[in-house]
Structure formats: structure tokens, C-alpha cells
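The primary structure of each chain is shown beneath.
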Amino acid sequence: QVQVVESGGGLVQPGGSLRLSCVASGSIFGINVMGWYRQAPGKQRELVARIISGGPTNYADSVKGRFAISGDSAKITVYLQMNSLKPEDTAVYYCKLDVDSTGWGYVNPYWGQGTQVTVSS
């Protein structure tokens, strides 16, 4: 099994910054994709940013130039640095990792429990 835990959310004023962290543990033989998603009240969950192993880094248009995703494979940790935050960034942020947990190359998605980010004055 794989456990995914996010941290770093909170209340911040518009224009402020937050750094989210996501740590994975358990049976991990490889991670294909590390990503951050968010879900605002009454809205569908949406991709914020993701790192594809050996491939590109993708960002939602709404966060380009403000957010940065990074990963530390040794610590099995992924970060989301969020700058110039806006009220519309308010949401629960989820970490999602596509993990090979058996060593046989079969990849499954694992989600964290989410961390609340509130941008308000």
C-alpha cells in the first residue's frame, strides 16, 4: 500500500505565498507522475500542475507564472510553491501520485486527503 500525505495549507492574504508539500510512503518502486489538483466548492476537481517522469511539466493556464511544482525523488516528496495568490485560488488541494507499488510496472493513482488553501483578506 501507498500513503500520500499533504501539508502546508492555510489562510493567506491576496498576493501572499504558500508552499504545499506531499510525502509518499509505503511500497513504491517507481512514480510516473506527480501532480497537484484542486477542488473549489461547487466545482469539479481540476489539474493545477504535474510532473511527468521523463516528460514535460504541465500547468493550468490560471496558475502559469505564479505556481511552481517540484519533486524530490529521493525523499518521494513533491512541492507546490504558490505565489501571488488570488481569492479564486481558494480550494482544497490534493496530491496525486501515479505509483508502481508492485515492481511489475503496473501503475495506479494514489490520492492524499487534501489540504485547505484559503485566500482572503
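Refer to the structure above for everything that follows.
Every value quoted in this text rests on a predicted model; they were computed, and no experiment measured them.

**Considerations on the state of the cysteines**
- Applying the stated rule across the entire model yields one disulfide.
- Two residues share a disulfide in this structure: Cys 22 and Cys 95, whose sulfurs sit 2.1 Å from each other. Looking along the S-S bond of the Cys 22-Cys 95 disulfide, the torsion reads about -80°, which is the left-handed sense. You can see Cys 22 sitting in strand E3 (residues 18-26) and its partner Cys 95 sitting in strand E9 (residues 91-100), a full 73 residues away along the chain. In this pair, the class of Cys 22 matches that of Cys 95, namely buried.

**Let's talk about unusual backbone geometry**
- A positive phi angle, close to 50°, is found at Ser 84, a residue other than glycine.
- Position of Ser 84 relative to the elements: it lies in the loop between strand E8 (77-82) and E9.
- Residue Ser 84 is classed as partly exposed on the basis of its relative accessible area of 41%.

**Considering the environment of Lys 86**
- Locating Lys 86 in the fold gives a position in the loop between E8 and E9.
- Overall, Lys 86 belongs to the partly exposed group, its relative accessible area being 34%.
- The spatial distance from the C-alpha of Lys 86 to the C-alpha of Thr 118 is 9.2 Å, given a sequence separation of 32 residues.

**Digging into the sheet that holds strand E1 (residues 2-7)**
- The strand order across the open sheet built from four strands is E1-E3-E8-E7, with neighbouring strands paired in antiparallel fashion. Since the sheet does not close on itself, it has two edges, and those belong to E1 and strand E7 (67-72), each with one partner. Looking at each pair of strands side by side, their axes are set apart by 15° on average, direction ignored.
- Note that E3 and E8 share six bridges and pair antiparallel. The residue of E8 that forms the bridge with Ser 21 is Tyr 79.

Here is what the cut-offs are and how they apply
Residues numbered from 1 in each chain as written. Predicted model: local features only at pLDDT ≥ 70, side-chain atom pairs only at ≥ 80, totals over all residues. Heavy atoms only, no water. Disulfide = S-S within 2.5 Å. Helix = DSSP H or I, 4+ residues; strand = E, 2+ residues; numbered from the N terminus. Buried < 20%, exposed > 50% of the residue type's maximum accessible area, 1.4 Å probe, protein only. Pairing = 2+ DSSP bridges. Axes fitted to C-alpha atoms, helices over the stretch in contact; angles between N-to-C directions.

Everything listed here is a matter of coordinates, which is why it stays silent on function.
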